Amino acid sequence: MKEDWQQTLLPLLEKTLEKRLSLCEDSDSGALRLFNGFTEGYPSLTVDLYSNTVLLMAQKTSGEAAEALLKTAGYFYTKHLPRVDCVVAKQRTATSDRLKQGVILHGDDPAAQVTENGAVYAIDLLMNQDSSLYIDTRNLRAWMTQYGKGKEVLNTFAYTGSLGVAALAGGAARVVQIDRNRKFLEMAQKSAGLNGLNDKSMKCIPVDFFVGVGQIKQRRESFDIVVLDPPYFSVTDKGRVDLVTESARLVNKVRPLVKDGGKLVVVNNALFLSGADFVHGLEELGRGGFLSIDETIPIPEDFTGYPETRVGRPPADPAPFNHSTKIVVLTVRQKGKTDDRQ
């Protein structure tokens, strides 16, 4: 393994860090991906930077091999990035919840917040198996801030609510965030507080997506912007989420909640669903003229990897998107109102 690191991993870490050094210097309080092993030649490892903390994730290995891998990578980044004063390591395939949620390899307290596009987001790098703030949706948060002013926003599958907080930071009139996990939604409330935002303008509801959407329909509420950012796959006693085979069904679930002429933001991170198939499915939904593709939102290049650092191809071609995380903004027209606009 040591020989493998010397001949394969360490040169990759050096090459990929060199491409991101300017971002590290410009984003002292932000979050960015330092190494995407899936696209940059070493699928067992991903590395993210959250303010002063490096977050390492061993993806396909566990036990002693994972520990050695993580310690080697952690030493590399503390040596090459002076700003780093904490290293957190997670083993995604470990049997121990503690190892999945993360252990501190270096330093004391991990970063508790990051600043991005002028907004502050509370994070907890040890709370869950991931980071509590997704780097791949950074550009979507910027979009929410830009287009959220004066809007009423519904964020489904909200997780820690960063997309809703971004809209609120941009001047949204009202934000509703729904997620099954109350603990995750508490992070959204912390983020709102860090930005000095009016907590009366944001409502966080711990409820299953299928139940929450049904309740909103019963109240006849509608929104200018609705975000649909579900997990890749999930099953509860209330419903099933499968982004490869049932993405259209979820879109139809929330489409009635969008005001006529409003926006439906759909995120699909299914690795085995091609971008062309995803777009085709959306176009089929729009055949009646009530749903149309407005724009796509790219994934940041530090997350996807750079042309000089990317190796190989994903299982399914993401084109016309630039990554398997596919983000599209749709315009919704409601029946009975379309003709009035012509």
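Residues numbered from 1 in each chain as written. Predicted model: local features only at pLDDT ≥ 70, side-chain atom pairs only at ≥ 80, totals over all residues. Heavy atoms only, no water.

Engineer: Tell me about the overall build of the protein chain, residues and numbers included.
Structural biologist: Regarding its fold elements, the protein chain presents 11 helices and 16 strands. Dimensions of the protein chain, computed from C-alpha atoms along their principal axes, come out at roughly 70 × 40 × 40 Å. Looking at the protein chain as a whole, 53% of its 342 residues qualify as buried. Total accessible area computed for the protein chain in this model is approximately 15700 Å², and 46% of it derives from carbon and sulfur atoms. Positive and negative side-chain charges in the protein chain, numbering 42 and 42 respectively, have mean positions lying 6 Å apart. (Helix = DSSP H or I, 4+ residues; strand = E, 2+ residues; numbered from the N terminus. Buried < 20%, exposed > 50% of the residue type's maximum accessible area, 1.4 Å probe, protein only. Areas by Shrake-Rupley, 256 points an atom, 1.4 Å probe, with all protein chains shown as cover. Lys, Arg positive; Asp, Glu negative; His and termini not counted. Charge placed at Lys NZ, Arg CZ, Asp CG, Glu CD.)

Engineer: Which residues make up the sheet that holds strand β4 (residues 86-91), and what are the values?
Structural biologist: Strand-to-strand pairing in sheets goes through backbone hydrogen bonds, with the strands running parallel or antiparallel. The five strands lie next to each other as β1-β2-β3-β4-β5, forming an open sheet whose pairing is mixed. Each of the sheet's edge strands pairs with one partner strand only, and the pair in question is β1 (31-36) and β5 (103-106). Each adjacent strand pair in this sheet contributes to an overall mean axis angle of 25°, direction not counted. (Pairing = 2+ DSSP bridges. Axes fitted to C-alpha atoms, helices over the stretch in contact; angles between N-to-C directions.)

Engineer: An account of helix α6 (residues 162-169) is requested, with residue identities and associated values reported.
Structural biologist: Across the eight residues that make up α6, a large majority, seven, are buried. For α6, the full list of buried residues reads Ser162, Leu163, Gly164, Val165, Ala166, Ala167 and Leu168. Looking at the residues trailing α6, positive phi occurs at Gly171, about 100°.

Engineer: Please give an account of the environment of Val84 that cites residues and values.
Structural biologist: Inspection of the secondary structure puts Val84 in the loop between α3 (63-80) and β4. A residue is classified by how much of its surface remains accessible, and Val84, at 7% relative accessible area, is buried. C-alpha of Val84 to C-alpha of Gly148: the two residues are 64 residues apart in sequence and 34 Å apart in space. Apart from the residues lying within four places of it in its own chain, the contact partners of Val84 are Leu49, Asn52, Val54, Tyr77 and Thr78. (Contact = heavy atoms within 4.5 Å.)

Engineer: Outline the pairing of β1, supporting the account with residue identities and numerical values.
Structural biologist: A regular strand carries its side chains on alternate faces of the sheet. Judged by how many residues are buried, β1 sits mostly within the fold: six of six residues are covered. With five bridges connecting them, β1 and strand β2 (residues 45-50) associate as antiparallel partners. Residue Asn36 lies in a different strand from β2, and its bridge partner there is Thr46.

Engineer: Lay out the packing of aromatic side chains in plain terms, naming residues and giving numbers.
Structural biologist: Within a pair of aromatic rings, the relevant descriptors are the distance that separates the centres and the angle that separates the planes. For the coordinates displayed, the defined rule picks out seven aromatic pairs. Taken together, a centroid distance of 5.2 Å and an interplanar angle of 20° make the contact between Tyr134 and Tyr159 stacked. Of this pair, Tyr134 sits in the loop between β7 (119-122) and α5 (138-147) while Tyr159 sits in the loop between β8 (152-156) and α6, and the two are 25 residues apart along the sequence. Pairwise contacts between aromatic rings join Tyr134, Tyr159 and Phe184 into one cluster. (Phe/Tyr/Trp six-rings, centres within 6.5 Å; stacked < 30°, edge-to-face > 60°.)

Engineer: I'd love a proper account of the confidence of the model for the protein chain, names of residues and values included.
Structural biologist: Within the protein chain, residue pLDDT values average 93, and 96% of them lie at 70 or more. Below pLDDT 50 for its whole length, residues 338-342 participates in four contacts with residues either more than four positions away or in separate chains. (pLDDT = per-residue confidence, 0-100.)

Engineer: Got a sec to walk through the packing of helix α8 (residues 209-218) against helix α9 (residues 247-254)? Specific residues and values, please.
Structural biologist: Interaxial distance between α8 and α9 falls to 10 Å at its minimum, and their mutual angle equals 30°. Accordingly, the angle class assigned to the pair α8 and α9 is roughly parallel. Residue-level inspection shows Phe209, Phe210, Val213 and Lys217 of α8 in contact with α9, the latter providing Arg249, Leu250, Lys253 and Val254. Among the residues forming the contact of α8 with α9, the class breakdown is five nonpolar, no polar and three charged. (Parallel < 35°, antiparallel > 145°, perpendicular 65-115°, else oblique. Nonpolar A, V, L, I, M, F, W, Y, C, P; charged D, E, K, R; others polar.)

Engineer: If you had to explain the nonpolar core to someone new, which residues and values would you point to?
Structural biologist: Tyr50, Leu140, Trp143, Met144, Met202 and Val265 are the most contacted members of the largest nonpolar core, which totals 40 residues. Top contributing element to this core by residue count: α6, with five residues. Judged by nonpolar contacts, the second largest core, of 33 residues, contains Val176, Leu264, Val279 and Val328. (Core = buried A, V, L, I, M, F, W, Y, C linked by side-chain atoms within 4.5 Å.)

Engineer: Could you give an account of the pattern of salt bridges, with specific residues and numbers?
Structural biologist: Where charged atoms from two side chains of opposite charge come close, those side chains can pair. Taken as a whole and assessed by the stated rule, the structure comprises 16 salt bridges. For Arg33, the salt bridge identified is with Asp48, shortest N-O distance 2.6 Å. One end of the pair, Arg33, is in strand β1; the other, Asp48, is in strand β2, and 15 residues separate them in sequence. Residue class for Arg33 comes out buried when judged on its relative accessible area of 9%. Ionic pairing is found between Glu246 and Arg240, a salt bridge with its closest N-O pair at 3.4 Å. (Salt bridge = Lys/Arg side-chain N within 4 Å of Asp/Glu carboxyl O.)

Engineer: For unusual backbone geometry, give the residues involved together with the corresponding values.
Structural biologist: With the exception of glycine, the majority of residues adopt a negative phi angle, and the majority of peptide bonds are in the trans configuration. Residue Ala319 is joined to Pro320 through a cis peptide bond whose omega torsion reads 15°. Following the sequence through the fold, Pro320 ends up in the loop between α11 (301-304) and β16 (326-332). One non-glycine residue with positive phi stands out, namely Tyr159, at about 55°. Looking at Tyr159, the relative accessible area reads 10%, which means it is buried.

Engineer: Explain a nonpolar patch on the surface to me, and be specific about the residues and the numbers.
Structural biologist: A cluster of nonpolar side chains, contributed by Tyr232, Phe233, Val235, Val244, Leu271 and Phe272, occupies part of the molecular surface with about 560 Å² of accessible area. On the secondary structure map, Tyr232 appears in the loop between β11 (223-228) and β12 (233-236). Given a relative accessible area of 39%, Tyr232 falls into the partly exposed group. (Patch = residues over 30% accessible without salt bridge, like charges linked within 9 Å, V, L, I, M, F, W, Y side chains within 5 Å.)

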